[in-house]
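A structural walkthrough
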There are 2 protein chains.
Amino acid sequence: MTDFLARARELDAADMLAPFRERFVIPDEHLVYLDGNSLGRLPRSTRERLHLAIEEWGGDLIRGWDRWITLSREVGDVLAGGVLEAEPGEVVLSDSTSVNLYKLAVAACAARPDRHVIVTDDDNFPSDRYIFQGLAEERGLDLRVVKTDIDLGISVEAVREALDEDVALVSLSHVAYRSGAVADMAAVTAAAHEVGALVLWDLSHSAGAVRVPLRSAGVDLAVGCTYKHLNAGPGAPAFLYVRADLQPELRQPIWGWFGQRDQFDMGAEYDPVASIDRFQVGTPPVLGAYAALEGARITAEAGIGAIAEKGAALGAYAIEVSDAWLAPHGFALASPRAGTRRGGHVTLHHPRAWQYSQALRAAGVVPDFRTPDRLRLGFGALYTRFVDVYTGLARLRAIAASGSHLDYPERHARVT
Amino acid sequence: MTDFLARARELDAADMLAPFRERFVIPDEHLVYLDGNSLGRLPRSTRERLHLAIEEWGGDLIRGWDRWITLSREVGDVLAGGVLEAEPGEVVLSDSTSVNLYKLAVAACAARPDRHVIVTDDDNFPSDRYIFQGLAEERGLDLRVVKTDIDLGISVEAVREALDEDVALVSLSHVAYRSGAVADMAAVTAAAHEVGALVLWDLSHSAGAVRVPLRSAGVDLAVGCTYKHLNAGPGAPAFLYVRADLQPELRQPIWGWFGQRDQFDMGAEYDPVASIDRFQVGTPPVLGAYAALEGARITAEAGIGAIAEKGAALGAYAIEVSDAWLAPHGFALASPRAGTRRGGHVTLHHPRAWQYSQALRAAGVVPDFRTPDRLRLGFGALYTRFVDVYTGLARLRAIAASGSHLDYPERHARVT
């Protein structure tokens, strides 16, 4: 019988990223936090930077904008060079992921005026699907929804079958929010380009967790959030990416003053800059931007290759332990088994997943529940140890063995 | 000759709001800050609340959302009841002012499908004008731009002349960003309603500075920012207001998961709640929301009536001093003279306003420059003393007398 604890300790001892754990605020060492893919931990340097930013507001007042005005672009350049494999000037911090998705989807459809179809998939993140539904209803577009395997993700073949010369835009999540499955960015992008469509990737679950080969895949457009694997805090601003050559020609629909040439001239007519800044809208949130800057820098420093490798190893370890300990209690893997096909989280299926998630919280383990019956276990590679995974799953096994999860009510199905 | 300093001291001694100054972080007592209408000061309690929120993130992690999820509505209710004269459930914090303006303008035009005209004015805030230009171009709407007196604001008669049964929406700023002129909210709203149009007010320069009679004026829609007179910090989230009876029927275009019924069921079809929450989109910024909550609470505690009265008195005092000291140096009032027609700032015209603004900064006074040739002096009523106005204008007089502003370069006109 495998000594999983000894294995975890060995893996931790060999972990090149282990020192990064000390960069994070970890006030409760008993807590096993397996939800960094919903909300990442607080970096110590971010806490310091936020305190400083608050004092900047208090002391510099409006003069602070002399420096803050370029923050969204600074973060964008760190993301482009250190996290997303894009070029400087192709990424900017702006709005929320949903608003950015709307802006770029409208821009993409406007760039293909003779086409009327948006392709997405049935397991895309809800906000993405709703955004597209709204666009379709309002603009008389058709939504072509590709069927996905909710455990294994979307296949290139399924996407290809949905493609023809009516398609203006293909938009998918790079890492599926439920299963963690990684879509084949290069192949899907190439297939979309073959029929003359644009692609728009949602990187929310992949930025900071896996390699995001925007440049080599020839990606047109992307959006993503910074509060998951980029550790920028609850509701931190999102980012958007537009490939350099597309920037001057794309027209996003929300014409705000932060996209305006010589913004403080307050000119009569909207005259957007040619750069990525034309996709900005209103005054950006300074505190959130500082947190995103710090989070992006730490990720870039650790290196996305090392992070992806450790994430895959944490996932592989979790799957091995789960196979041995949890399968006998009715848990089944609901993620791809191969590390190269998985993002920074692993999902387990169990009919009583909701009750287990409540029992785990009470036992000092924070997983995520995802409908209809899944426990999602996220592994923020910068601060999660193999022993944390061990401890979390040991507590889960103890709950399963004792049946204590049955003390928690079932999740009420929605009544409509 | 009036002893303006003695007068200032008397006015400060009689000021019921004077104790509120101690609620703010004021690290440099030499600095005269006259730009609180661009970025308000940092309240001490906000600094504390933000420090606490950062620790909440670090310690509670994802569990913090059990509490954070309602923050945008909590702030909305404080704004509705204590700042804006609206009802609970009619206001919510969301996105930026520009994005909110877009959402509500699209919703308004969709509610008047047989009409094709948006009425605004030529001195509306640039971002507002750009948003409408974008909508007009994209949707084949016509923009009818009312001519405004840039010193005295917009007249009800001028608006009325632009109205007919083609008008879907009238959208103006309640307090003009340049002159500080207050529009007649009740009369304009009534005139718009007479022709069957909806109204959408931008309250960015009025929320927290003057009374905003949404209820008694029967206003349909409004947006505004929290980082000016509401003191919520740089880039803090904006708010939007939709009158209760309009909420279920209006369709905003950006269908995000924060507007979805039973959001965490992650349902297949967008099914928005009937309440103000349907105008939310993506994950809201928690730090900004806490700052907005604290800023709104302080404003509500002081009372918007008292704030408006003090703001008018500060402005009247500034105008009186300016008439005596600055008019001889070529300064002219570029705001309404009557206190009831002015928001929380006073604007002075001078051909060398840009150079004066630079010289003032060097002398420890922070005004705002506004194109083409205006010095804007803002009076955050919660922390600005009459002696601050005295000191700021005394320094301005000294600069004018010595001609030291001529040492600064002229502002380069835009070359296109």
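Structure report, in brief. Quantities reported herein were computed from a predicted structural model and do not represent experimental measurements.

The helix and strand inventory of chain A stands at 13 helices and 13 strands. Radius of gyration (C-alpha) of chain A: 22 Å, near the 22 Å computed for a compact globule of 416 residues. Going through the 416 residues of chain A one by one, you find that 65% of them count as buried. Within chain A, residue pairs in contact and separated by at least 24 positions form 71% of the contacts whose partners lie at least 6 positions apart. Roughly 14,000 Å² of accessible area belongs to chain A as shown, and the carbon and sulfur atoms make up 52% of that amount. Here chain A carries 42 positive and 55 negative side-chain charges, and the mean point of each set is 5 Å from the other.

Turning our eyes to something else, we now look at the packing of aromatic side chains. As enumerated under the stated definition, the model contains 31 aromatic pairs over all chains in all. With a centroid separation of 5.4 Å and an interplanar angle of 85°, the aromatic rings of Trp257(A) and Phe258(A) are classed as edge-to-face. Taking relative accessible area as the criterion, Phe258(A) reaches 7% and is therefore assigned buried. Seen in terms of ring centroids, Phe4(B) and Trp325(B) are 5.6 Å apart; in terms of plane orientation they differ by 90°. Their pairing is edge-to-face. Of this pair, Phe4(B) sits in helix H1 (residues 4–13) while Trp325(B) sits in helix H11 (residues 304–325), and the two are 321 residues apart along the sequence. Accessibility classification places Phe4(B) together with Trp325(B) in one group, the buried group. Ring pairs connect the aromatic residues Trp65(A), Trp68(A), Trp257(A), Phe258(A), Phe264(A), Phe125(B) and Tyr177(B), which therefore count as one cluster. Lying over the aromatic face of Trp325(A), Arg397(A) brings its terminal NZ or CZ to 3.9 Å of the ring centre. The ring of Tyr290(B) is capped by Arg49(B), whose NZ or CZ atom sits 3.9 Å from the centre of that ring.

Moving on to the interface of chain A and chain B. Across the contact, 80 residues belong to chain A and 80 residues belong to chain B. Along the contact surface separating chain A from chain B lie ten salt bridges. Between Asp66(A) and Arg361(B) there is a salt bridge, with its nearest N and O atoms 3.6 Å apart. At the junction of chain A with chain B, the criterion picks out 35 residue pairs in polar contact (both at pLDDT 80 or more).

Turning next to the relation of the copies chain A and chain B. Superposition of chain A onto chain B requires a rotation of 180° combined with a translation of 0.0 Å along the rotation axis, giving an RMSD of 0.0 Å. On the angle and the small slide along the axis, the relation comes out as a two-fold axis. When the interface residues of chain A are mapped onto chain B, 100% of them are again interface residues, pointing to one common binding face.

Within the secondary structure, Pro285(B) is located in the loop between strand E8 (239–242) and helix H10 (286–302). Residue classification places Pro285(B) among the partly exposed residues on the basis of a relative accessible area of 26%. Counting along the chain gives 192 residues from Pro285(B) to Leu93(B), while the straight-line C-alpha distance between them is 9.6 Å. Discounting chain neighbours no more than four positions away, the residues touching Pro285(B) are Pro234(A), Gly235(A) and Pro237(B).

For the rest of this paragraph, the subject is the sheet that holds strand E8 (residues 239–242) of chain A. All names here are of chain A. One open sheet holds the seven strands; their spatial order is E2-E8-E7-E6-E5-E3-E4, and the pairing between them is mixed. Since the sheet does not close on itself, it has two edges, and those belong to strand E2 (91–93) and strand E4 (142–146), each with one partner. Looking at each pair of strands side by side, their axes are set apart by 20° on average, direction ignored. When strand E6 (residues 198–202) meets strand E7 (residues 221–224), the two strands line up parallel, connected through three bridges. Bridge assignment links Trp-201 to a residue of E7, and that residue is Ala-222. Docked against the sheet, helix H4 (residues 71–82) engages E2 and E8, running at close to 135° with respect to E2. Sheet strands in contact with helix H8 (residues 185–194) are strand E5 (167–173) and E6, and its direction is about 150° off that of E6.

Mapped onto the elements of the fold, Asp12(A) is located in helix H1 (residues 4–13). One buried charged residue, Asp12(A), forms no salt bridge at all, with the nearest opposite charge on Arg385(A) at 5.4 Å.

Glancing now at the sheet that holds strand E9 (residues 332–333) of chain A. Residues and elements named next belong to chain A. The four strands lie next to each other as E9-E10-E13-E12, forming an open sheet whose pairing is antiparallel. Each end of this open sheet is capped by a strand with a single partner; those strands are E9 and strand E12 (368–370). When strand E10 (residues 345–349) meets strand E13 (residues 374–378), the two strands line up antiparallel, connected through five bridges. Across the sheet, Leu-348 pairs through a bridge with Leu-375, a residue of E13. Contacts from helix H12 (residues 353–362) reach E12 and E13 within the one sheet, and its direction differs from that of E13 by about 45°.

Next up on the list: the nonpolar core. If you look at the biggest cluster of nonpolar residues, it comprises 131 residues, and the most contacted ones within it are Val170(A) and Val170(B). In terms of nonpolar packing, the next biggest core, distinct from the first, is built from 60 residues, Leu221(A), Leu250(A), Ile131(B) and Phe132(B) among them.

A few words now on the packing of H12(A) against helix H13 (residues 386–402) of chain A. Residue and element names in this part refer to chain A. H13 packs onto H12 with a crossing angle of 120° between their chain directions and a minimal axis gap of 10 Å. In terms of orientation, H12 and H13 fall into the oblique class. Judged by the twist between their axes, the crossing of H12 over H13 is right-handed. Each of Tyr-356, Ala-359 and Leu-360 in H12 lies in contact with H13, whose residues at this interface are Gly-392, Leu-396, Ile-399 and Ala-400.

This part takes up the pattern of salt bridges. By the definition in use, this model includes 62 salt bridges over all chains. Across the pair Arg139(A) and Glu138(B) runs a salt bridge, and its minimum N-O distance is 2.6 Å. One end of the pair, Arg139(A), is in helix H6 (residues 126–139); the other, Glu138(B), is in helix H6 (residues 126–139), on a second chain. Residue Arg139(A) is classed as partly exposed on the basis of its relative accessible area, which comes to 28%. We classify Glu138(B) as partly exposed; its relative accessible area is 25%.

Reading the values: the criteria
Counting starts from 1 at the beginning of each chain's written sequence and moves along it residue by residue. Here every chain gets a letter starting at A, and every ligand a number starting at 1, in the order they are written. The predicted nature of this model means local features are confined to residues of pLDDT at least 70 and side-chain atom pairs, given and counted, to a pLDDT of 80 or more, with totals for whole chains, interfaces and linings taken over all residues. Side-chain descriptors were evaluated using all non-hydrogen atoms of the structure, hydrogens and water having been removed beforehand. Numbered from the N terminus, helices here are DSSP runs of H or I no shorter than four residues, and strands are runs of E no shorter than two. Here the globule rule is a power law, 2.2 Å times the number of residues to the power 0.38, and the radius of gyration is based on C-alpha atoms. Relative accessible area decides the class of each residue, using a 1.4 Å probe on protein chains only: under 20% of the type maximum gives buried, over 50% gives exposed, and in between gives partly exposed. We call two residues contacting when some pair of their heavy atoms lies within 4.5 Å. Areas reported as accessible are Shrake-Rupley estimates using a 1.4 Å probe. Residue values count occlusion only from the protein chains shown. Working convention for charge: Lys and Arg count positive, Asp and Glu count negative, and His plus the chain ends are omitted. Working definition for charges: the position is that of NZ of Lys, CZ of Arg, CG of Asp or CD of Glu. Working definition: rings of Phe, Tyr and Trp (its six-membered ring) pair if their centres are within 6.5 Å, and the pair is stacked with planes under 30 degrees apart, edge-to-face with planes over 60 apart, and tilted otherwise. Our definition puts a charge over a ring when NZ of Lys or CZ of Arg is within 6 Å of the ring centre and also within 35 degrees of the ring normal. Every case where a carboxyl oxygen of Asp or Glu lies within 4 Å of a side-chain nitrogen of Lys or Arg is listed as a salt bridge. Any pair of N or O atoms that falls within 3.5 Å is considered a polar contact. Within protein, one atom must be able to donate a hydrogen and the other to accept it, and sequence-neighbouring residues count only if both atoms are side-chain atoms. Least squares is used to superpose the copies, and the fit set is the C-alpha atoms of residues whose pLDDT is at least 70 in both copies. DSSP-based pairing: two strands are paired if at least 2 bridges between them are found. Axis geometry follows a simple rule: fit a line to the C-alpha atoms, using only the stretch in contact for helices, then measure angles between N-to-C directions, giving values from 0 to 180 degrees. Here the nonpolar core consists of buried residues drawn from Ala, Val, Leu, Ile, Met, Phe, Trp, Tyr and Cys, with membership extended through side-chain atoms lying within 4.5 Å. Oblique is the label for every angle not falling under 35 degrees (roughly parallel), over 145 degrees (roughly antiparallel), or within 65 to 115 degrees (roughly perpendicular). Two helices that cross are described as forming a left-handed crossing if the nearer one is turned anticlockwise from the farther one by less than a right angle, and a right-handed crossing if clockwise.

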